[in-house]
Amino acid sequence: MTEKEKCNLGLLYDANYDPELLSDRETAKELLYDYNRLRPSQQTERTELLKKLLGRTGESFIIEPPFACDYGYNIEIGENFYANVNLVILDGAKVKIGDNAFIAPNVGIYTAGHPLDASLRNQGLEYAYPVTIGHNVWIGAGAIILPGVTVGDNVVIGAGSVVTKDIPDNSLAVGNPCRVVRKIGKV
């Protein structure tokens, strides 16, 4: 079984020394290097590079540079997606984001995690669990979404929150660890 196959199954895999994964990350970093250095007026070129990098996009989306990710091909974004500056997505596993999502500056979405056992970590092993973010979601500045989390539809995640568990639809959730503080009704 390849390291990529292990990763896709949620098993520990070699993320640091596997030639295939290293090559995939280098390809993504080359595209990101170009993307993050384009002039603001080069919106068409920015869109084209993101469509090459990401696994799926809608027709209408903006990711403000700088943007960083591991592979890109594991990221799927919906229509009317907007991410402000300094978005980091560590996409060892799938990251699916629905339509009308708004992401504030300095947000991190992480599918990757590392074993607690130091000897396993020192071998370069890690795991990756998918992250799913629903439709009509607003993620506040500096929020962190951890591996394996699902954020439902019509959710607001407060600034600085650390999302360690699933957040149900129609919720306002804040804090570290992030927790639901109230339901959100229809606008």
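Keep in mind it's a predicted model, so treat the numbers as computed, not measured. (Residues numbered from 1 in each chain as written. Predicted model: local features only at pLDDT ≥ 70, side-chain atom pairs only at ≥ 80, totals over all residues. Heavy atoms only, no water.)

(A) Local environment of the overall build of the protein. Looking only at helices and strands, one finds 4 helices and 19 strands in the protein. For 187 residues, the compact-globule estimate of 2.2 N^0.38 gives 16 Å, and the protein sits close to it at 17 Å. When the backbone C-alpha atoms are referred to their principal axes, the protein occupies close to 50 × 45 × 25 Å. A total of 187 residues make up the protein; the buried ones form 42% of that total. Accessible area of the protein: about 9,500 Å², with a carbon and sulfur share of 53%. (Helix = DSSP H or I, 4+ residues; strand = E, 2+ residues; numbered from the N terminus. Rg over C-alpha atoms; globule rule 2.2 N^0.38 Å. Buried < 20%, exposed > 50% of the residue type's maximum accessible area, 1.4 Å probe, protein only. Areas by Shrake-Rupley, 256 points an atom, 1.4 Å probe, with all protein chains shown as cover.)

(B) The sheet that holds strand β5 (residues 81-83), seen in detail. Strand order across the open sheet formed by 7 strands is β2-β5-β8-β13-β16-β18-β19, with mixed pairing between neighbours. Lying at the two open borders of the sheet, with one neighbouring strand each, are β2 (61-63) and β19 (179-183). Where strand β18 (residues 171-174) meets β19, 4 bridges bridge the pair, whose relative direction is antiparallel. The residue of β19 that forms the bridge with L172 is R182. (Pairing = 2+ DSSP bridges.)

(C) Geometry of a nonpolar patch on the surface. A cluster of nonpolar residues, M1, L9 and L11, forms a patch on the protein surface that exposes about 340 Å² of accessible area. With a relative accessible area of 56%, L9 lands in the exposed category. (Patch = residues over 30% accessible without salt bridge, like charges linked within 9 Å, V, L, I, M, F, W, Y side chains within 5 Å. Salt bridge = Lys/Arg side-chain N within 4 Å of Asp/Glu carboxyl O.)

(D) Looking closely at the packing of aromatic side chains. Scanning the model with the defined rule gives 4 aromatic pairs in all. With a centroid separation of 6.4 Å and 65 degrees between ring planes, the pair formed by F102 and W138 is classed as edge-to-face. Residue F102 is located in strand β8 (residues 102-103), and its partner W138 is located in strand β13 (residues 138-139); the two are separated by 36 residues in the primary sequence. Of the residues examined, W138 reaches a relative accessible area of 45% and is grouped as partly exposed. The rings of Y82, F102 and W138 are connected pair by pair, giving a single aromatic cluster. (Phe/Tyr/Trp six-rings, centres within 6.5 Å; stacked < 30°, edge-to-face > 60°.)

(E) Here's a closer look at the side chain of D18. Within the secondary structure, D18 sits in the loop between β1 (13-14) and α2 (19-35). Despite its burial, D18 pairs with no opposite charge, the nearest such side chain being R25 at 7.5 Å. (Lys, Arg positive; Asp, Glu negative; His and termini not counted.)

(F) Highlighting helix α3 (residues 43-53). Listed in full, the buried residues belonging to α3 are R46, L49, L50 and L53. Along the long axis of α3, the arc covered by the buried residues comes to 100 degrees, so they all point the same way. Summarising the geometry of α3, the exposed residues directed more than 90 degrees from the buried face are T44 and K52. Structurally, α3 contributes buried residues whose contacts are with α2, β2 and β3 (67-69). (Arc of directions from axis to C-beta. Contact = heavy atoms within 4.5 Å.)

That is the geometry; function is a separate question.
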